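Inside the fold
One-letter residues, chain by chain:
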Amino acid sequence: MTNDTTTGLFISFEGIDGAGKSTHISALAEAFKAQGRAVTLTREPGGTALAEKLRTLILNDAMDALTEALLIFAARRDHLTTVIVPALARGDVVLCDRFTDATFAYQGGGRGFDLDVLSKLELWAQDVQGLGRDFVHELGRKGAAPAIVKPDLTIWFDLPPEEAAKRLAGARVPDKFEAQPVEFFRRVAQGYADRMAADPLRFARIDANRPREAVWTSVHGVFSGRGWLP
Ligand code: TMP
C-alpha cells in the first residue's frame, strides 16, 4: 500500500505493560501529521466516553473472566463504530494503543480464558456489515466490504517480562493487570507470539529491550519500509 491520503490506515500497538509503547505512538502521530495526514490517536480499552467508563471498571474492579471479556468487547464495539470506522472512512491514519490482540494475549494467554469464545466475540463485535453505511464499502478499499475490521499493521513491542517488571516497579499505583505476577506476563507474551504466528504479515515484532532511540529507529523503519513514511 502506498501513502495514499485517501486510504485510511489502521495501526495497533501491543506489548506487555511496561514495554514502552507510548512515546513511539506519539512520535508516529507527529511524523504522519508532518506528511499532511490526518491522525486519529486513540486507545483501548477506551477511546469514547462510554468505553472510557468501561475501562475504569475493567482495570479496577474484580469480575469473572467472561464478564471482563464481554466488557472489553463492548468497549471495542463502541470505539469501532463511533471512532475507528468513521476515521478510516475519512482516510485518517488511526493509531490505536492496543486492540483485539491484547484480548487474546491478556484474557486468553494471561487469564487462560477460552480462545474460541474470544474468536466468536471478535466476530460479533468487529462485524461492521450491519451498520449499513457507505463507509463500510469505502473501508473495503477494493470494493468488497471486509468481514470484520482488523488492523492493517500491528506493532508488537516485545520485552522480557522480567525487564518490564523492573521498569514498572514503583512507577505508579498498579492497576489490576499491572499488579499481576511475572508469570502472568510470560503467558501474555506467549499470547502475542501465538497471534503473530497465526497472522505474520500483519505483525511487526520490535525488540523493545534496547535504548529508546534504537527502538524508534526500528519502529520508523517498519513504516518507511511500507512506504507510509519517508
Ligand atoms: P494500557 O495501560 O496499555 O492502556 O492498557 C490497559 C490495560 O488493559 C493493560 O494492562 C492491558 C489490559 N487490556 C486487556 O487486558 N485486554 C484488552 O483487550 C486490552 C485492550 C487491554
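Our subject is the structure that appears above.
Procedures and definitions
Residues numbered from 1 in each chain as written. Predicted model: local features only at pLDDT ≥ 70, side-chain atom pairs only at ≥ 80, totals over all residues. Heavy atoms only, no water. Helix = DSSP H or I, 4+ residues; strand = E, 2+ residues; numbered from the N terminus. Contact = heavy atoms within 4.5 Å. Polar contact = N/O pair within 3.5 Å; in protein donor to acceptor, adjacent residues only side chain to side chain. Near = heavy atom within 4 Å. 1 Å grid on protein atoms, 1.4 Å probe; cavity = no way out; pocket = protein on both sides within 12 Å on 5 of 7 lines; lining within 4 Å. Sits in = over half its atoms within 2 Å of the grid points. Nonpolar A, V, L, I, M, F, W, Y, C, P; charged D, E, K, R; others polar.

Quick look at the environment of Asp97
Along the chain, Asp97 falls in strand β3 (residues 93–97). Taking the C-alpha atoms as reference, Asp97 lies 18 Å from Ala125; in sequence the two are 28 residues apart. Setting aside anything within four residues of it in sequence, one finds Asp97 in contact with Phe13, Lys21, Ile25, Thr42, Arg43 and Glu44. Of note is the side chain of Asp97, whose polar atom sits 2.5 Å from the side chain of Lys21.

Observations regarding the site of the ligand
Taken together, 14 residues sit near the ligand, with Asp17, Arg55, Arg98, Thr103 and Gln107 positioned nearest. In this structure, an oxygen atom belonging to the ligand sits 3.0 Å away from a side-chain N or O atom of Lys21. The separation between an oxygen atom of the ligand and a polar side-chain atom of Arg98 is 2.8 Å. When atoms are counted within 2 Å of each cavity's grid points, the one that captures over half of the ligand is the largest pocket. Residues of the shell around the ligand, tallied by class, amount to six nonpolar, two polar and six charged.

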